[in-house]
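A closer look at the structure
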Amino acid sequence: MDGTNDSTQGNFILLGFSDRPHLEGILFVVILIAYLLTLMGNTTIILVSRLDPHLHTPMYFFLTHLSFLDLSFTTSSIPQLLYNLNGRDKTISYTGCAIQLFLFLGLGGVECLLLAVMAYDRFVAVCKPLHYLVIMNPHLCMGLVSLAWGCGVANSLIMSPMTLWLPRCGYCKVDHFLCEMPALIRMACVNTAAIEGIAFILAVGIVLSPLVFILISYGYIVRAVLSIQSSSGRHKVFNTCGSHLTVVSLFYGNIIYMYMQPGTSSSKDQGKFLTLFYNIVTPLLNPMIYTFRNKEVKGALRRLVLGNLSLRKRL
């Protein structure tokens, strides 16, 4: 088959974990449970943030977007993975693969930038508390979120077509459980140095630059916290910022390892499990981190539950 047009027709075969059939049944059950818990946890965060007036603040506005991103991120690939694990059919259409790649790259980029926006929110809250509501006004919050979405989508619009249009010389087997950029680049039958270089440059802007901004923001936050005299005040700040830093560490650690070396230099098996980690484990843990470490969210959940119970008693 002509290598110049093979990438625009036919289906792809997602090999996933087919080389380890003894694991597929176990993985199906574990991933299904994790996916359902992810849906429940992130939906709860969104509903609580919207329904409780006490949480109508910039921080929870951004947290709502983070939970929505996590829901979209997992749903872009996990249902397909469950379908492939549950039967012999491992195929995905070219259109389905293109949509999956676009969403995966786009949503991943948006989340990187949104975490930087959330770091800026914490910086203003800790370092400029008296001007917090003036600086983080609704117009700015919406503008920052729109910027994150715009840059993430733009990154995906550049990288998705370039990756999909690589000649594959008739090869259609993706050694992964989803149409992910490193796996698709490995399938190419041409030199991929150019696209790997472009991917690296974009990764610096989408991944590393926000991370540097986050680290600088937390440098100022730590300095401000150390000047707080009240131990309860320091504890409150560390609780709130600690949740965000934990989420940043989980998400960025895997993303940097995977996408700063997008081609053949990364281990295939290692890549699968790392992708599975940030595609299902991180979105699963995010609601738990923000719920267990955050008294405001726990208080909002308590008020909603008690409110519903009292309403049922009246009825």
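Each chain has its residues counted from 1, running along the sequence as written. Since the coordinates come from a predicted model, pLDDT governs what is reported: local features require at least 70, and pairs of side-chain atoms require 80 or more to be given and counted, while whole-chain, interface and lining totals use all residues. Calculation of side-chain values draws on the structure's entire complement of heavy atoms; hydrogens and water are dropped beforehand.

Some remarks on the overall build of the protein chain
Runs of E in the DSSP output that reach at least two residues are strands. Runs of H or I that reach at least four are helices, and both are numbered from the N terminus. Check the secondary structure of the protein chain and you find eleven helices and three strands. Along the protein chain, helices (α) and strands (β) appear in the sequence β-α-α-α-β-α-α-α-β-α-α-α-α-α when read from the amino end. Whether a residue is buried, partly exposed or exposed follows from its accessible area with a 1.4 Å probe, protein chains only, as a fraction of its type maximum: under 20%, in between, or over 50%, in that order. Scored against the burial criterion, the 315 residues of the protein chain give a buried share of 49%. Counted over contacts in the protein chain with a minimum sequence separation of 6, partners at least 24 positions apart contribute 80%. Summed over its atoms, the accessible surface of the protein chain is roughly 15,100 Å², and 68% of this surface lies on carbon and sulfur atoms. Contacts: residue pairs with any heavy atoms within 4.5 Å of one another. For every accessible area listed, the method is Shrake-Rupley and the probe measures 1.4 Å; residues are considered covered only by the protein chains on display.

Digging into helix H3 (residues 78-85)
If you check which residues of H3 are buried, you get Ile-78, Leu-81, Leu-82, Asn-84 and Leu-85. End-on, the buried residues of H3 take up no more than an arc of 165°, which puts them together on one face. To obtain the arc, one takes the directions from the helix axis to the C-beta atoms.

Re the side chain of Thr-38
Within the secondary structure layout, Thr-38 lies in helix H1 (residues 21-51). The exposure class of Thr-38 is buried, given its relative accessible area of 0%. With residues up to four places along the chain from it excluded, the contact list for Thr-38 reads Leu-71, Thr-74, Ile-280, Pro-283 and Leu-284.

Structural notes on the pattern of salt bridges
Definition used for salt bridges: Asp or Glu carboxyl oxygen within 4 Å of a side-chain nitrogen of Lys or Arg. Counted according to the given criterion, the structure contains one salt bridge. Two residues, Arg-122 and Asp-121, come together in a salt bridge whose shortest N-O distance is 2.9 Å. The exposure class assigned to Arg-122 is buried, which follows from its relative accessible area of 11%. Residue class for Asp-121 comes out buried when judged on its relative accessible area of 2%.

Observations regarding the sheet that holds strand S3 (residues 173-174)
Spatial strand order, S2-S1-S3: three strands in an open sheet with mixed pairing. Because the sheet does not close on itself, it has two edges, and the strands there are strand S2 (91-93) and S3. Pairing analysis gives two bridges linking strand S1 (residues 11-14) to S3, with the strands arranged parallel. By the bridge assignment for S3, Leu-14 is matched with Val-174. Of the strands in this sheet, S1 and S2 touch helix H4 (residues 94-127), which is tilted by about 85° from S2. Any two strands with at least two DSSP bridges between them are considered paired. Here, axes are lines fitted to C-alpha atoms. For helices the fit covers the stretch in contact, and angles between N-to-C directions go from 0 to 180 degrees.

Quick notes on the confidence of the model for the protein chain
Model confidence for the protein chain is summarised by a mean pLDDT of 82, while 86% of its residues fall at 70 or above. In the model of the protein chain, helix H11 (residues 295-314) stands out as the element of lowest mean pLDDT, 67, in contrast to helix H6 (residues 138-164), which has the highest, 93. One confidence number per residue, pLDDT, is output by the predictor and ranges from 0 to 100. In the predicted structure, residues 1-8 sits below a pLDDT of 50 and forms 18 contacts with residues beyond four places in sequence or in another chain. Low confidence marks residues 262-266, where pLDDT is under 50. Its contacts with residues over four positions away, or in another chain, come to eleven contacts.

Some details on the packing of H4 against helix H8 (residues 193-226)
The interhelical angle for the contact between H4 and H8, taken along N-to-C directions, is 15°, at an axis separation of 9 Å. For the element pair H4 / H8, the angle class is roughly parallel. Relative to H8, H4 is oriented so that their crossing is left-handed. Every residue of H8 that contacts H4 at Gly-109, Cys-112, Leu-113, Leu-115, Ala-116, Ala-119, Tyr-120, Arg-122, Phe-123, Val-126 and Cys-127 is listed here: Ile-206, Val-207, Pro-210, Phe-213, Ile-214, Ser-217, Tyr-218, Tyr-220, Ile-221, Ala-224 and Val-225. When residue character is reported, Ala, Val, Leu, Ile, Met, Phe, Trp, Tyr, Cys and Pro are called nonpolar, Asp, Glu, Lys and Arg charged, and the others, Gly included, polar. For the contact of H4 with H8, a count of residues per class yields 19 nonpolar, two polar and one charged. Orientation categories follow fixed angle ranges, with anything under 35 degrees roughly parallel, anything over 145 roughly antiparallel, 65 to 115 roughly perpendicular, and all other angles oblique. We call a crossing left-handed when the near helix sits turned anticlockwise from the far one by less than a right angle, and right-handed when that turn is clockwise.

Details of the packing of aromatic side chains
Put simply, two rings from Phe, Tyr or Trp (the six-membered ring, in Trp's case) pair if the centres are within 6.5 Å, and we call them stacked under 30 degrees between planes, edge-to-face over 60, tilted for the rest. For the structure on display, the rule yields nine aromatic pairs. Geometrically, the ring pair formed by Phe-68 and Trp-149 is tilted, given 6.3 Å between the ring centres and 45° between the ring planes. Here Trp-149 lies in helix H6 and Phe-68 lies in helix H2 (residues 58-75), a separation of 81 residues in the sequence. The exposure class assigned to Phe-68 is partly exposed, which follows from its relative accessible area of 42%.

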